[in-house]
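What follows is each chain in one-letter form.
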Amino acid sequence: MMTIKSLFLTVSAMSMLLLGTQTQVFAATTDEQAAATAEAGADYFVSLSFKPGDNQLTDTAKADLDALVSKARSTGKKIDGAKVLAWSDSEFYGEKTKLSKSDQELAKKRAEAIKTYLKDSQSISGISTYNMAKPAGKLSQFFETTESKVKNELATARNNSSKALVMIGLKR
């Protein structure tokens with residue numbers, strides 16, 4: 001029997017090879033990011049980088065967000081919402097990892113910066129943010145919410161420090 005992770009890795013690998021699959025790979029990302037995007041039900045995604053210690057969006061990050069939204073809107077479908085996952089400058093490997101309050105705050109500020117940009121410059125609503133510097137809450141884990149599933153999927157991902165993953169879903 002295929003595990004959830006192997007299933008999503010298979011789906012994400014196929015998505016990279018075939019056009020017209022559910023999850024469109026918009027920018028170069030890891031298999032773990034593609035799997036989390038599939039888990040979250042998103043159609044388009046992009047990975048952004050931050051300067052260490054900074055929560056300000058670079059001009060490149062803003063351009064990537066603009067292109068992501070433009071690509072999603074080019075389908076003619078309405079954007080249903082966005083999910084923003086943001087990391088601090090330290091690696092986080094799941095609930096057994098305890099990052100400092102400053103790391104948690106940095107990830108939160110990065111997610112909020114992206115949310116504000118999407119809301120103000122692209123008029124996107126329905127934006128959920130996920131602080132990837134802290135584990136999913138106990139209730140989230142118990143009920144296996146999207147937050148819990150996405151965080152668990154990315155808990156083993158490497159090289160996510162100073163990054164954010166932005167996913168956009170379209171109305172069906």
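Residues numbered from 1 in each chain as written. Predicted model: local features only at pLDDT ≥ 70, side-chain atom pairs only at ≥ 80, totals over all residues. Heavy atoms only, no water.

**Considering the packing of helix H3 (residues 59–73) against helix H4 (residues 101–122)**
Between H3 and H4, whose axes approach to 11 Å, the crossing angle comes to 55°. Of the possible angle classes, the one that applies to H3 and H4 is oblique. The interaxial crossing formed by H3 with H4 has right-handed handedness. Facing H3, whose interface residues are Lys-62, Leu-65, Asp-66, Val-69 and Arg-73, H4 presents Ile-114, Tyr-117, Leu-118, Ser-121 and Gln-122. Among the residues making up the contact of H3 with H4, the classes are represented as 5 nonpolar, 2 polar and 3 charged. (Axes fitted to C-alpha atoms, helices over the stretch in contact; angles between N-to-C directions. Helix = DSSP H or I, 4+ residues; strand = E, 2+ residues; numbered from the N terminus. Parallel < 35°, antiparallel > 145°, perpendicular 65-115°, else oblique. Left-handed = near helix turned anticlockwise from the far one by under 90°. Contact = heavy atoms within 4.5 Å. Nonpolar A, V, L, I, M, F, W, Y, C, P; charged D, E, K, R; others polar.)

**Looking at the confidence of the model for the protein**
Predicted confidence across the protein gives a mean pLDDT of 76, with 62% of residues reaching 70 or more. Mean pLDDT across the secondary structure elements of the protein bottoms out at helix H1 (residues 4–17), with 37, and peaks at H4, with 97. The low-confidence segment residues 1–25 (pLDDT under 50) makes 37 contacts with residues lying over four places distant or belonging to another chain. (pLDDT = per-residue confidence, 0-100.)

**A look at a positive patch on the surface**
Residues Lys-98, Lys-101, Lys-108 and Lys-134 make up a contiguous surface patch of positive charge. By the element assignment, Lys-134 lies in the loop between strand S4 (127–131) and helix H5 (138–142). According to the relative accessible area criterion, Lys-134 is partly exposed, its value standing at 38%. (Patch = residues over 30% accessible without salt bridge, like charges linked within 9 Å, V, L, I, M, F, W, Y side chains within 5 Å. Areas by Shrake-Rupley, 256 points an atom, 1.4 Å probe, with all protein chains shown as cover. Salt bridge = Lys/Arg side-chain N within 4 Å of Asp/Glu carboxyl O. Lys, Arg positive; Asp, Glu negative; His and termini not counted. Charge placed at Lys NZ, Arg CZ, Asp CG, Glu CD. Buried < 20%, exposed > 50% of the residue type's maximum accessible area, 1.4 Å probe, protein only.)

**Here we look at the pattern of salt bridges**
The full count for this structure, using the stated rule, is 3 salt bridges. The closest approach of N and O atoms between Asp-43 and Arg-172, which form a salt bridge, is 2.8 Å. Of this pair, Asp-43 sits in the loop between helix H2 (31–40) and strand S2 (44–49) while Arg-172 sits in the segment after strand S5 (163–170), and the two are 129 residues apart along the sequence. Assessed through its relative accessible area of 6%, Asp-43 is described here as buried. Notably, a salt bridge pairs Arg-110 with Asp-89, separated by 2.7 Å at the nearest N-O pair. Placement of the pair is Arg-110 in helix H4 and Asp-89 in the loop between strand S3 (79–86) and H4, with a sequence separation of 21 residues. The buried category is assigned to Arg-110, whose relative accessible area is 0%.

**Some thoughts on the nonpolar core**
Formed by 24 residues in total, the largest nonpolar core has its most connected members in Leu-48, Leu-65, Ile-114, Leu-118 and Val-166. When residues of this core are traced back to their parent elements, those giving at least two are S2, H3, S3, H4 and S5. Not counting chain neighbours up to four residues away, the residues in contact with Leu-118 comprise Leu-65, Val-69, Ala-82, Val-84, Ser-123, Ile-124, Ile-127 and Val-166. Formed by 9 residues, the second largest nonpolar core is a distinct cluster that contains Ala-42, Trp-87, Met-132 and Leu-165. (Core = buried A, V, L, I, M, F, W, Y, C linked by side-chain atoms within 4.5 Å.)

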